[in-house]
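Letter by letter, the chains look like this.
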Amino acid sequence: TFLGAAEVEDAGAAEEWGGHESLGRVSGVPGGSSWVMELLLTNDGSEAWPAGAALTCCFGSGFGCGGIDLVGEGVQVGETVSVQMELVAPEAPSTTAWALTIGNVCIGPAMILEVA
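Criteria and cut-off values
- All residue numbers refer to positions counted from 1 along the written sequence of the respective chain.
- Residue-level local features of this predicted model are given only where pLDDT is at least 70; pairs of side-chain atoms are given and counted only at 80 or more, and the full residue set underlies all totals for whole chains, interfaces and linings.
- To get the side-chain values, all heavy atoms of the structure are used, and hydrogens and water are removed first.
- What counts as a helix is a DSSP run of H or I of at least four residues, what counts as a strand is a run of E of at least two, and both are numbered from the N terminus.
- Within 3.5 Å is the distance limit for a polar contact, defined as a pair of N or O atoms, with the added protein rule that one can donate a hydrogen and the other accept it, and that residues adjacent in sequence qualify only through two side-chain atoms.
- For our purposes a nonpolar core is just a set of buried Ala, Val, Leu, Ile, Met, Phe, Trp, Tyr and Cys residues, chained together by side-chain atoms within 4.5 Å.
- For every residue, the accessible area (1.4 Å probe, protein chains only) is compared with the maximum for its type, and the residue is labelled buried under 20%, exposed over 50%, or partly exposed between those bounds.
- In what follows, residue pairs with any heavy atoms lying within 4.5 Å of each other are defined as contacts.
- Stacked, edge-to-face and tilted labels apply to pairs of Phe, Tyr and Trp rings (six-membered ring for Trp) whose centres lie within 6.5 Å, assigned for plane angles under 30 degrees, over 60, and everything in between, in that order.
- Any carboxyl oxygen of Asp or Glu within 4 Å of a side-chain nitrogen of Lys or Arg constitutes a salt bridge here.

Colleague: Got a minute to help me understand the side chain of Glu114 in this structure?
Modeller: Note on placement: Glu114 falls in strand β12 (residues 111-115). A polar contact is formed between the side chain of Glu114 and the side chain of Arg25, at a distance of 3.1 Å.

Colleague: Please clarify how the nonpolar core should be interpreted in this entry.
Modeller: Note on soluble globular proteins: their nonpolar side chains tend to be buried together. Core analysis: the biggest nonpolar cluster contains 24 residues, and Trp35, Met37, Leu41, Met85, Leu87, Trp98 and Leu113 have the highest contact counts within it. Contributing elements (two or more residues each) for this core: β3 (21-27), β4 (34-42), β6 (53-59), β9 (80-88), β10 (94-102) and β12. Among residues more than four places away in sequence, those in contact with Met85 are Trp35, Val36, Met37, Leu39, Leu55, Cys65, Ile68 and Trp98.

Colleague: Quick question: what am I supposed to make of the packing of aromatic side chains here?
Modeller: Given two aromatic rings, their pairing is described by the distance between the two centres and the angle made by the two planes. Applying the stated rule across the entire model yields 1 aromatic pair. Look at Trp35 and Phe63: their rings are 6.4 Å apart centre to centre, the planes differ by 45°, and that puts the pair in the tilted class. Of this pair, Trp35 sits in strand β4 while Phe63 sits in the loop between β6 and β7 (67-69), placing them 28 residues apart in sequence. Assigned by exposure class, Trp35 and Phe63 land together as buried.

Colleague: When you look at the pattern of salt bridges in this model, what are you seeing that I'm missing?
Modeller: Opposite charge on two side chains permits them to pair, given that their charged atoms come into close proximity. Applying the stated criterion across every chain yields a total of 1 salt bridge. Here Glu114 ties to Arg25 by a salt bridge, and the two come within 3.1 Å at their closest N and O atoms. Taken together, the residues Glu114 in strand β12 and Arg25 in strand β3 connect sequence positions 89 residues apart. Looking at Glu114, the relative accessible area reads 14%, which means it is buried. Using a relative accessible area of 29% as the deciding quantity, one classes Arg25 as partly exposed.

Laid out in structure tokens, this is it:
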């Protein structure tokens, strides 16, 4: 979900990104302007995500969001959490990605966002 005046193209197939998750392609956001992206993350694994898990930029600039801690005591298997990321549109078309991490260890696929 995007909060603001952005247009979002379909996220498309994960195969396009080598098995990573596409968050879609955003257009219509002037360079330098801020917007909020809300992600719903579901733990579909076999173990709980412990307290201290975070969504961390692993490629590109992060559009002003290098990372965000998941709130709470951890995320149980089957549980969904909402994360709101405050982003700043790049001046030129760009791609960035975040991954779910615990410390310096990635525990999920990269989630890729393109801004046209």
